[in-house]
Amino acid sequence: MISFSIRKLIIIVLVVAFLIRLPGIFYGLPYHLLADEEANIYGALKMIELKTILPVLHRADFDGLLYYPPILAYIYTVLFIPAIGIMHMVSGYSLDVIKDFLILNPSVFWYIARSLSIFFSLAGIYIVYRIGKHLFSDEKIAIITAFLYSTSFLETSMANTAHHWTTGMFFALLSAYLVLKATANNVDNSRRLLVFAGLTVGVSFGISFLVFYIPPLVLLIAYYSLKDKNKTRASCIGAMKSILYFLVPSGFIALSVLVIHPGAFSFQALHTGDIPPHSGEYIFSFIIYYMRALWNF
């Protein structure tokens, strides 16, 4: 009975987190007071307008508009199309009239995007709970971990905005959890879990280029692949195979994202930094910039 009550605490944590994030859905609208929210939303709308999911074929339209990787814009596109269809059927107006109306007040897309961000935030909190439970084998510690994460400044400040941070972090956390599961003792489907972990971290890259957590995951896979084994040539080869199960699918998605929308990476690499007026940029300038920002947070 006590154990069941403790488990219910994670539901309370999620409900409280939802209530904290809910008011932010309506913040500022119909004005756009938060920078960078437009990138993925307008990128999705541009895909709908041009009837394409390949920004590389329309670089003049996308390079200055969608300066993030395209996967989050894809998700928005899947949600925006039914919303437009419902508005068309309910209102009875033609699509041209609806388009003019949405140009004047596109808040409905912000409601959808921000609600989705809250959903991924809550899912990320639950994954943190599962990671804590896996690492410590203690329900109380796992709940405390999830609560601290759910109320942290960076997470709560981004969770109800149409930014890429929360969604990208969810897939990163999911990848980490799958790696932990795959490297646990007596796991029969470890290869499959590592493949899924690679796919999810690749999706995270396709939402946000800031995937600094890949090296620790690779080291974790290598460590557990060699743990309690003689450091023989065969065990080292097995460890390399385990790493490849993770890196190959993630690399495939990452390369696909770069091919589909190369303009986003070139924009981030060349125009994100802290040396005004962006003089002497190089490919690592934006990495250094964001590492300093994350350190400050």
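Not measured: the values here are computed from a predicted model.

**Brief notes about the overall build of the protein**
Within the protein one finds 14 helices and zero strands. Along the protein, helices and strands appear, N-terminal first, in the series α-α-α-α-α-α-α-α-α-α-α-α-α-α. When each of the 297 residues of the protein is scored for burial, the buried share is 41%. By sequence separation, contacts in the protein at least 24 residues apart represent 72% of the contacts at least 6 residues apart. Summed over all atoms, the accessible surface of the protein reaches about 16300 Å², with 70% contributed by carbon and sulfur.

**Some points on unusual backbone geometry**
For the bond running from Leu 29 to Pro 30, omega is 10°, close enough to zero to count as cis. Within the secondary structure, Pro 30 sits in the loop between helix 1 (2-21) and helix 2 (37-50). The phi angle at Asp 36 is positive, at roughly 75°, despite the residue not being glycine. Residue placement: Asp 36 occurs in the loop between helix 1 and helix 2.

**A short note on the pattern of salt bridges**
Tallied over the full model, the rule gives six salt bridges. The shortest N-O distance in the salt bridge between Lys 133 and Glu 139 comes to 3.5 Å. What makes Lys 133 partly exposed here is its relative accessible area of 34%. Look at the salt bridges and you will find they share partners, linking Lys 46, Glu 49 and Lys 99 into a network.

**Some points on the packing of helix 9 (residues 165-182) against helix 10 (residues 190-207)**
Interaxial distance between helix 9 and helix 10 falls to 8 Å at its minimum, and their mutual angle equals 165°. Relative to helix 10, helix 9 is oriented roughly antiparallel. Considering only the axes of helix 9 and helix 10, their crossing is left-handed. Here Thr 167, Gly 168, Phe 171, Ala 172, Leu 174, Ser 175, Leu 178, Val 179, Lys 181 and Ala 182 of helix 9 come into contact with helix 10, specifically with Ser 190, Leu 193, Leu 194, Phe 196, Ala 197, Thr 200, Val 201, Val 203, Ser 204 and Ile 207. Each residue belonging to the contact of helix 9 with helix 10 can be placed in one class, and the counts come to 13 nonpolar, six polar and one charged.

**Some details on the packing of aromatic side chains**
Throughout the structure, instances matching the rule amount to 13 aromatic pairs. Between Phe 119 and Phe 120 the ring centres are 5.4 Å apart and the planes differ by 70°, which places this aromatic pair in the edge-to-face class. Here the aromatic rings of Phe 170 and Phe 171 are separated by 5.0 Å at their centres, their planes lie at 70°, and the arrangement is edge-to-face. Phe 171 sits in the buried class, given a relative accessible area of 14%.

**A short note on the nonpolar core**
If you look at the biggest cluster of nonpolar residues, it comprises 49 residues, and the most contacted ones within it are Ile 41, Tyr 76 and Phe 246. Elements with a minimum of two residues in this core: helix 2, helix 4 (71-91), helix 5 (95-104), helix 6 (107-136), helix 9, helix 10, helix 11 (214-226) and helix 12 (233-260). Aside from chain neighbours lying at most four places away, what touches Tyr 76 is Asn 40, Ile 41, Ala 44, Ala 113, Leu 116, Ala 162 and His 163.

**What about a nonpolar patch on the surface?**
Nonpolar side chains collect at one region of the surface, where Ile 11, Val 15, Phe 18, Leu 19, Leu 22, Phe 26 and Tyr 111 lie side by side and expose about 630 Å² of accessible area between them. Sorting elements by how many residues they give to the nonpolar patch places helix 1 first, with four residues. In this fold, Ile 11 is placed in helix 1. For Ile 11, a relative accessible area of 51% gives the class exposed.

**Focus: the confidence of the model for the protein**
Any region with low pLDDT has predicted coordinates that should not be read closely. Taken over all residues, the pLDDT of the protein has a mean of 86, while the share at 70 or more is 88%. Taken element by element, the protein is modelled with least confidence in helix 14 (residues 285-296), mean pLDDT 72, and with most confidence in helix 6, mean pLDDT 95. Scored below 50 in pLDDT, residues 275-280 makes two contacts in the model with residues more than four places away or belonging to other chains.

**Description of the environment of Phe 62**
Relative to the helices and strands, Phe 62 resides in helix 3 (residues 59-62). On the basis of relative accessibility, which here comes to 0%, the residue Phe 62 falls in the buried class. Residues Phe 62 and Met 47, 15 residues apart in the sequence, show an inter-C-alpha distance of 9.0 Å. Not counting residues up to four positions away in its chain, the partners in contact with Phe 62 are Gly 43, Lys 46, Met 47, Leu 50, Thr 52, Pro 55 and His 261.

**With respect to the side chain of Ser 242**
Position of Ser 242 among the secondary structure elements: in helix 12. Classification of Ser 242 as buried rests on a relative accessible area of 17%. Once you skip the residues sitting within four places of it in the chain, Ser 242 turns out to touch Leu 194, Ile 221 and Ser 225.

The rules we used
Residues numbered from 1 in each chain as written. Predicted model: local features only at pLDDT ≥ 70, side-chain atom pairs only at ≥ 80, totals over all residues. Heavy atoms only, no water. Helix = DSSP H or I, 4+ residues; strand = E, 2+ residues; numbered from the N terminus. Buried < 20%, exposed > 50% of the residue type's maximum accessible area, 1.4 Å probe, protein only. Contact = heavy atoms within 4.5 Å. Areas by Shrake-Rupley, 256 points an atom, 1.4 Å probe, with all protein chains shown as cover. Salt bridge = Lys/Arg side-chain N within 4 Å of Asp/Glu carboxyl O. Axes fitted to C-alpha atoms, helices over the stretch in contact; angles between N-to-C directions. Parallel < 35°, antiparallel > 145°, perpendicular 65-115°, else oblique. Left-handed = near helix turned anticlockwise from the far one by under 90°. Nonpolar A, V, L, I, M, F, W, Y, C, P; charged D, E, K, R; others polar. Phe/Tyr/Trp six-rings, centres within 6.5 Å; stacked < 30°, edge-to-face > 60°. Core = buried A, V, L, I, M, F, W, Y, C linked by side-chain atoms within 4.5 Å. Patch = residues over 30% accessible without salt bridge, like charges linked within 9 Å, V, L, I, M, F, W, Y side chains within 5 Å. pLDDT = per-residue confidence, 0-100.

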